[in-house]
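For reference, the chains in residue letters:
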Amino acid sequence: MTAQNFWKSFTQQIEEHRDSLNNVWSARSEKGEGENPFTKEIKEVITQAIHNAKGVVEVNEYHTQKEYYRIDLIGWEQKKDSKYYEINNDLGYQLNKHAWNFDIAVEHENDEKDWSDEVVKLAYIFCKLRVVIGYFPYMKNENEKWELQQKYLDAVTKTLGQLNCKKNMEYGDFIIILGDVGKENDEGFEKLVYTPYLYNKDVKYGKFEKVDELGKRKLAYEVKKFKEGFYTVFYFE
């Protein structure tokens, strides 16, 4: 699974469930035992997004699970039964067969001041795709919002550079998705906009960069017999 596939699936699910999410949006900041209504609803949306992004996979081979490794949601793919577990012994004892690949880890953080902790947490997780969904104060001017978000993302990236998770950051994709919150966002979830930032490991010291998904468009010239392709825009300083 790639960050692009997840982002496309996530935005589709958000639009399909925007009304139901808007109905529980006011409960986002509620704290207490168990998950609040918004957290429960958004996790169901994320779960469906994971399965849709993965595509057609046998149900008994691909799974999502909550709170494994104390991570909000993970996706893993079951490998075919391993014969290594088939050990003859007089006890009639056999281990249960467990052989699976860790595909995706997702953390969703309601507190707009605490999503950076989830970034550090997933930086230590080794899997194909890591996703942190958090929230940022609402700003009317989008360019100013993106500029300020980038400054905080750069600060988080510099922090990661001081930790012993560099090799993990070089593996797979890592995407941070930030939504707008705040008193000025009077429309609640109905008009909430998420912005994706994809980790670019090819830049010196690494960098989370804003990404725009333009979708499927006609190519300027044919590439490997394909006349159309998916366009993605990266913003560089």
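Residues numbered from 1 in each chain as written. Predicted model: local features only at pLDDT ≥ 70, side-chain atom pairs only at ≥ 80, totals over all residues. Heavy atoms only, no water.

> So, the overall build of the protein chain: which residues are in play, and what are the values?
If you tally the helices and strands in the protein chain, you get six helices and eight strands. With 237 residues in all, the protein chain has 41% of them scored as buried. Counting contacts in the protein chain only where the partners sit at least 6 residues apart, residues at least 24 apart contribute 61% of the total. (Helix = DSSP H or I, 4+ residues; strand = E, 2+ residues; numbered from the N terminus. Buried < 20%, exposed > 50% of the residue type's maximum accessible area, 1.4 Å probe, protein only. Contact = heavy atoms within 4.5 Å.)

> Let's hear about the environment of glycine 206: which residues, and what values?
Secondary-structure assignment places glycine 206 in the loop between strand S6 (194–200) and strand S7 (207–223). Leave out the neighbours within four places in its chain, and glycine 206 touches Thr157, Tyr199 and Asn200.

> Please give an account of a nonpolar patch on the surface that cites residues and values.
Taken together, Leu91, Tyr93 and Leu95 make up a surface patch of nonpolar side chains, about 390 Å² in accessible area. Take leucine 95: it is sitting in the loop between strand S2 (71–78) and strand S3 (100–108). (Patch = residues over 30% accessible without salt bridge, like charges linked within 9 Å, V, L, I, M, F, W, Y side chains within 5 Å. Areas by Shrake-Rupley, 256 points an atom, 1.4 Å probe, with all protein chains shown as cover. Salt bridge = Lys/Arg side-chain N within 4 Å of Asp/Glu carboxyl O.)

> Just give me the short version of the nonpolar core, but keep the residues and values in it.
Ranked by internal contacts, the top residues of the largest apolar core, which has 32 residues, are Phe6, Phe10 and Tyr194. For this core, the secondary structure elements donating two or more residues are helix H1 (3–16), helix H2 (18–24), helix H3 (37–54), S3, strand S4 (129–137), strand S5 (173–181) and S6. In terms of residue count, H3 provides more of this core than any other element does, seven residues in total. With residues near it in sequence (within four places) discarded, phenylalanine 10 still touches Ile46, Ala49, Ile133, Ile177 and Tyr194. Of all hydrophobic cores here, the second largest spans 23 residues; its members include Ile74, Ala105, Val132 and Cys165. (Core = buried A, V, L, I, M, F, W, Y, C linked by side-chain atoms within 4.5 Å.)

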